[in-house]
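Descriptive structure summary
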Amino acid sequence: RGCYRPCAGRRARVPKRAGRSVPRLRWPAMLVRPEDLYPPRAGAPARRVIDVRSPGEVARGAVPGALELPILDDDERHAVGLRYAEEGQEAAIEEGRLRTEGDMPRRAAAWRAAAAEAPSAFLCWRGGMRSELAQRFADHPGTPRVEGGYKALRAHLTAALEPSLARRRPWVLTLSLIHISEP
């Protein structure tokens, strides 16, 4: 049983860059399922996670051991979100492109280097546009994105935690300090 499968369903719109589109994947865009990334009782993920969420999102819920290489910083994400709320997805994509185009080569180089260094998988909030864009810009065949993103990964790990804890006897440690003062 393989843990990767080609993307299915709706394709994200790809923003234009200087009159040409973002590089298309030369291989099928691959996904890895959370349960294949973190198999039961494995102790460690099958691949290193490259987290492309903003620093604020990571602060609200980090993936232990993940390499944090955001596609948008907090201010950029806020501006893109406002534009999305006011004018929709197309306008938000354009806002993100305009805000990141000067720094995108550096970000893409970091994703490419991270993907080449160790088997990895890209992660965003729901496994959609941001992780797919990072996957496209990194242009590193064989580096999937996490299906369902952080939201699905958190649900998988939370569900796996309860049975794991039920198999173990908990230990409760207490520490008492006695201080005797001399007159």
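See the structure printed just above.
Residues numbered from 1 in each chain as written. Predicted model: local features only at pLDDT ≥ 70, side-chain atom pairs only at ≥ 80, totals over all residues. Heavy atoms only, no water.

Section: the overall build of the protein chain
Filter applied, for reference: Under the scheme used here, helices are H or I runs from DSSP no shorter than 4 residues and strands are E runs no shorter than 2 residues, and both carry numbers assigned from the N terminus. Residue exposure (1.4 Å probe, protein chains only): buried if accessible area is under 20% of the type maximum, exposed if over 50%, otherwise partly exposed. Contact between two residues is taken to exist if any of their heavy atoms lie within 4.5 Å; hydrogens are not considered. Computed with a 1.4 Å probe, the accessible areas rest on the Shrake-Rupley method; for each residue, only the protein chains presented here act as cover.
Scanning the protein chain from N- to C-terminus turns up 7 helices and 8 strands. Per-residue burial over the protein chain gives 39% buried out of 183 residues. Taking all contacts inside the protein chain whose residues are at least 6 apart in sequence as the whole, residues at least 24 apart take part in 63%. When the accessible surface of the protein chain is totalled, it reaches about 11600 Å², and 55% of it is carbon and sulfur.

Some points on the pairing of strand β5 (residues 48-51)
Test applied: A pair of strands is treated as paired once DSSP finds two or more bridges between them. For crossovers, right-handed means that the path from the first strand over the helix to the second runs clockwise, given strands pointing away from the viewer.
Where burial is concerned, the two faces of β5 agree: the one with Arg48 and Ile50 and the one with Val49 and Asp51 are both buried. Two elements, β5 and strand β7 (residues 120-123), share 4 bridges in a ladder whose sense is parallel. When the bridges of β7 are listed, Val49 appears paired with Ala121. Handedness of the β5-helix α2 (residues 55-60)-strand β6 (residues 67-68) crossover: right-handed.

Description of the nonpolar core
Side chains that are nonpolar tend, in soluble globular proteins, to be buried together. We count it as follows: Nine residue types can take part in a nonpolar core, namely buried Ala, Val, Leu, Ile, Met, Phe, Trp, Tyr and Cys, and a core is a set of them joined through side-chain atoms within 4.5 Å.
In this structure, Ile50, Val52, Ile71, Trp111 and Phe122 are the most contacted members of the largest nonpolar core, which totals 17 residues. Counting residues per element, the ones that place at least two in this core are α5 (104-117) and α6 (129-138). Of all hydrophobic cores here, the second largest spans 11 residues; its members include Val63, Ala66, Ala121 and Tyr150.

Some points on helix α3 (residues 74-87)
Formally: A helix is expected to reach a length of 1.5 Å times the quantity of its residues less one. Taken from the helix axis, the directions to the C-beta atoms give the arc we talk about. We call two N or O atoms a polar contact when they sit within 3.5 Å, provided that within protein one can donate a hydrogen and the other can accept it, with sequence-adjacent residues counted only if both atoms are side-chain atoms.
Helix length check: α3, at 14 residues, gives a terminal C-alpha distance of 20 Å against a target of 20 Å (1.5 Å per residue), a fit within 8%. Where α3 is concerned, the buried positions are Glu76, Ala79 and Val80. All buried residues of α3 lie within an arc of 100° about the axis, which places them on one face of the element. The exposed residues of α3 that point more than 90 degrees off its buried face are Asp75, His78 and Ala85. Looking at the packing, one finds that the buried side of α3 touches α4 (89-100) and α5. Of the residues that open α3, the one with a side-chain oxygen 3.1 Å from the backbone nitrogen of Asp75 is Asp73.

A few points about unusual backbone geometry
Of note, Asp139 is a non-glycine position whose phi angle comes to about 50°, a positive value. The residue Asp139 is located in the loop between α6 and β8 (145-146) in this model. Exposure remark for Asp139: the relative accessible area of 25% places this residue in the partly exposed category.

That is the geometry; function is a separate question.
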